[in-house]
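# Structural characterization, general
Given next are the chains, with one letter for each unit.
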Amino acid sequence: MKHILALAPALAVLAADPALANRVFVTNEKGNDVTVLDSDTLEVLGAYPVGNRPRGIAISPDGTELYVCASDDNLVRVFDPETMEELHTLPSGPDPELFVLHPSGNPLYIANEDDNLVTVVDVKTKQVLAEIPVGVEPEGMGISPDGRIVINTSETTNMAHFIDAETYEIVANVLVDSRPRFAEYNHDGTKLYVSAEIGGTVSVIDPATQEITKKITFEVPGVLPEAIQPVGVRVTSDGSKVFVALGPSNRVAVIDGATDEVKDYLLVGQRVWQMAFTPDEKYLFTTNGNSNDVSMIDVASEEVVKSVPVGQQPWGVVVAPD
Amino acid sequence: MFKGIMGLLAGAWALAEPAAGQTQPETQQIRAAVLRVDVQGLPPISRLDLPPEDLGFAGARLAIDDNDTTGRFMGQDFEAVEVTATPGTALAELDRIIADGIQFVVVLADDATTLALADQAGDRAMLLNARARGDRLRGADCRFNTIHVAPSHAMLADALAQFLMWKNWPDWLLVPGSHPEDQALAAAYRRAAAKFGATIVEERVYEDTGGARSTDSGYVQVQAQMPVFTQRAPDHDVLIAADESDVFAPYLPYLTWDPRPVAGSAGLVPRSWHPAMEAWGATQYQNRFERMANRPIREEDYQTWLALRIVGEAATRTGSADPAELRDFILSDQFDVAGFKGQKLTVRDWDHQVRQPILLTTGPVTTSVSPQDQYLHQTSALDTLGLDRPETECSFREAP
């Protein structure tokens with residue numbers, strides 16, 4: 001394993017494609033490990049144990065620290081993305097599932113699904129800065145591009161809570177459809193997308209007024225409506241395309257970011273939940289939990305290019321920055 | 001601890017107010033009752049099944065907590081009055097609840113009492129049936145004022161049948177008990193066999209000859225009786241016990257004459273809920289329940305929780321506390337609720353049965369969840385379970 005890793009940078013340099021290869025990190029919820037892929041060759045570089053029930057995953061803006069929610073260990077484990085050696089752990093509060101890193105790289109806002117809390121942790125001092133009480137079963141975490149508003153979705157309260165990133169106080173609550181799983185801003189902060197897994201919709205919220213301006217619904221021919229369960233949401237940095245992972249319908253919806261109308265559905269693997277772009281936004285990776293693979297979508301052509309087997313029940317994915 | 005969090009949430013909500021430029025509306029009260037009708041009878045075969053004192057009520061308390069958490073943000077406050085009764089006092093207790101101004105009553109009772117309560121309530125209250133499973137209650141005896149949160153015998157039998165057909169075990173030895181409710185359950189298995197193409201190779205009734213449930217010599221006679229009872233059966237893949245009365249089914253696994261698995265009322269059991277269910281966010285639900293009740297959850301608790309969540313969800317979505325408005329919304333095609341089963345739960349308009357996946361459980365784990373993927377349906381895969389629109393014997397006499 002070690003020498004495969006040592007070879008990987010060399011391979012990337014030799015590759016014909018001038019695009020920089022990035023490492024893709026996939027948490028395998030059941031496998032208790034992270035699979036590392038090369039974004040260019042899609043070669044599996046290795047699989048590394050990361051603690052119990054890894055789910056949410058993020059990487060620091062400078063690419064030096066990889067954060068993994070080890071849900072059953074009740075902490076966040078921090079790894080060196082190059083060597084995959086554990087550097088240290090961060091306190092997370094109980095049962096961390098998803099988190100979001102402040103755009104500056106610090107702090108980390110963690111949803112504690114079992115305790116109706118959002119925990120704020122300083123990644124440098126490793127201190128808990130705040131515990132914010134939210135609704136029942138907090139899950140999705142988003143942050144505005146200017147870093148001033150943190151969004152948490154609570155799955156049983158069915159709300160998106162707007163939290164002031166400085167004061168840690170809830171400043172607004174927006175009722176959305178059943179079981180909101182994920183919150184994602186567009187890059188100029190003019191829209192907030194919140195997916196509702198059981199409701200089967202994505203609410204488009206105007207962050208200024210905290211009002212729902214549109215509800216995106218989905219319909220796939222030949223797929224029963226109850227199988228269409230929106231979870232992960234990603235928006236291209238120009239705001240032109242929104243991708244929504246539709247869970248057990250095994251599809252990713254492509255949405256026009258200007259009109260918020262669905263353009264297409266892309267068939268990926270089974271139970272697709274989370275997604276991550278490469279830094280150049282050429283590709284989007286999806287985790288397919290029930291088929292143990294990730295799919296790679298070509299963002300420009302809106303086509304699924306390839307799927308790669310990873311570990312058991314892939315859950316989260318992040319791509320290292322350039 | 002919880003109180004403290006609530007206080008903070010309420011504070012947060014107040015903070016949000018100036019931004020929205022509204023004045024705080026008066027808190028709406030949404031009231032319900034849980035009426036549990038207890039029947040004195042023999043203890044269950046296994047002490048593990050002894051009913052806890054707070055059966056059903058614990059589920060109600062969790063539902064009120066969940067409803068109130070959302071309610072603090074919405075200006076709504078929920079309450080569920082807990083009432084126990086006997087079959088003799090049930091109607092009077094219902095009248096008392098209605099006289100108190102409550103129009104949503106979760107009922108935990110047997111089929112006959114549930115029907116009597118529905119007729120007693122008339123158009124004065126909406127009942128949410130959280131225990132009775134009889135198909136007649138949803139068919140010939142259906143009532144407009146009753147929403148069936150508990151799954152029906154037909155749904156449970158169909159859920160098991162789909163799995164057994166997927167497993168390629170189509171030949172069944174059906175063993176019903178001798179009580180009317182056992183026969184009703186057996187009828188559901190007969191129907192399921194015809195619906196999914198299974199064959200019932202023989203029906204062999206297990207007579208309830210009475211007597212005590214536990215004796216000092218325990219297993220000795222049972223170990224001798226069960227193999228003899230099941231011998232000389234035609235070839236079969238699986239034995240299905242229809243023992244709604246809890247007389248014999250738990251004794252069957254490992255004691256059948258032929259080495260065959262047992263399903264139905266023992267072995268692989270179809271259920272609305274199971275305390276070890278962990279998919280679809282259920283882990284957090286189980287943890288919340290156990291922290292509150294200090295015991296594992298039962299089906300009656302889940303069904304009561306779901307009944308009150310249905311009322312709560314309607315109140316959240318309509319922003320109303322008016323019982324008639326809530327009822328109309330629950331019965332409309334706009335309504336759905338999440339129940340930790342991986343998809344939205346809705347109400348069938350033809351018999352007011354809540355559509356829901358059914359768990360197939362073996363002792364400590366969930367073995368499968370039906371409907372099985374292979375069974376398709378033109379409107380909802382959940383309608384492959386139970387009596388579908390064209391089959392229903394229900395016709396609501398009047399829709400008030």
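Residues numbered from 1 in each chain as written. Chains lettered and ligands numbered in written order. Predicted model: local features only at pLDDT ≥ 70, side-chain atom pairs only at ≥ 80, totals over all residues.

All names here are of chain B. Relative orientation of the contacting elements helix H2 (residues 57–74) and helix H8 (residues 282–293) amounts to 115 degrees, with a least axis distance of 10 Å. Considering how the two elements wind past one another, H2 and H8 form a crossing that is right-handed. Every residue of H8 that contacts H2 at Ala58, Arg61 and Leu62 is listed here: Arg288, Phe289, Met292 and Ala293. Partitioning the contact of H2 with H8 into residue classes produces five nonpolar, no polar and two charged. (Axes fitted to C-alpha atoms, helices over the stretch in contact; angles between N-to-C directions. Helix = DSSP H or I, 4+ residues; strand = E, 2+ residues; numbered from the N terminus. Left-handed = near helix turned anticlockwise from the far one by under 90°. Contact = placed C-beta atoms within 7 Å. Nonpolar A, V, L, I, M, F, W, Y, C, P; charged D, E, K, R; others polar.)

Contacts between the two partners involve 23 residues from chain A and, on the opposite side, 22 residues from chain B. Tallying contributions element by element places strand E15 (residues 170–175) of chain A first for the side of chain A that touches chain B, with five residues. A class-by-class count of the residues in the side of chain A that touches chain B yields nine nonpolar, seven polar and seven charged.

Residues and elements named next belong to chain B. Taken domain by domain, chain B comprises domain 1 (2–18 + 26–151 + 274–356) and domain 2 (154–271). Computed over C-alpha atoms only, the centres of domain 1 and domain 2 are separated by 31 Å. With ten residues of domain 1 at the interface, the matching set in domain 2 holds nine residues. A class-by-class count of the residues in the side of domain 1 that touches domain 2 yields five nonpolar, three polar and two charged. (Domains from an automatic or database assignment.)

Here we come to the sheet that holds strand E28 (residues 314–319) of chain A. Residue and element names in this part refer to chain A. With respect to topology, four strands assemble into an open sheet ordered E3-E2-E1-E28, the strand pairing being antiparallel. Strands at the two margins of the open sheet, each flanked by one partner only, are strand E3 (44–49) and E28. The mean inter-strand angle of the sheet, taken between neighbouring strand axes irrespective of direction, is 20 degrees. Bridge count for strand E1 (residues 23–28) against E28 is four bridges, and the pairing is antiparallel. Following the sheet pairing, Val24 is matched in E28 by Val319. (Pairing = 2+ DSSP bridges.)

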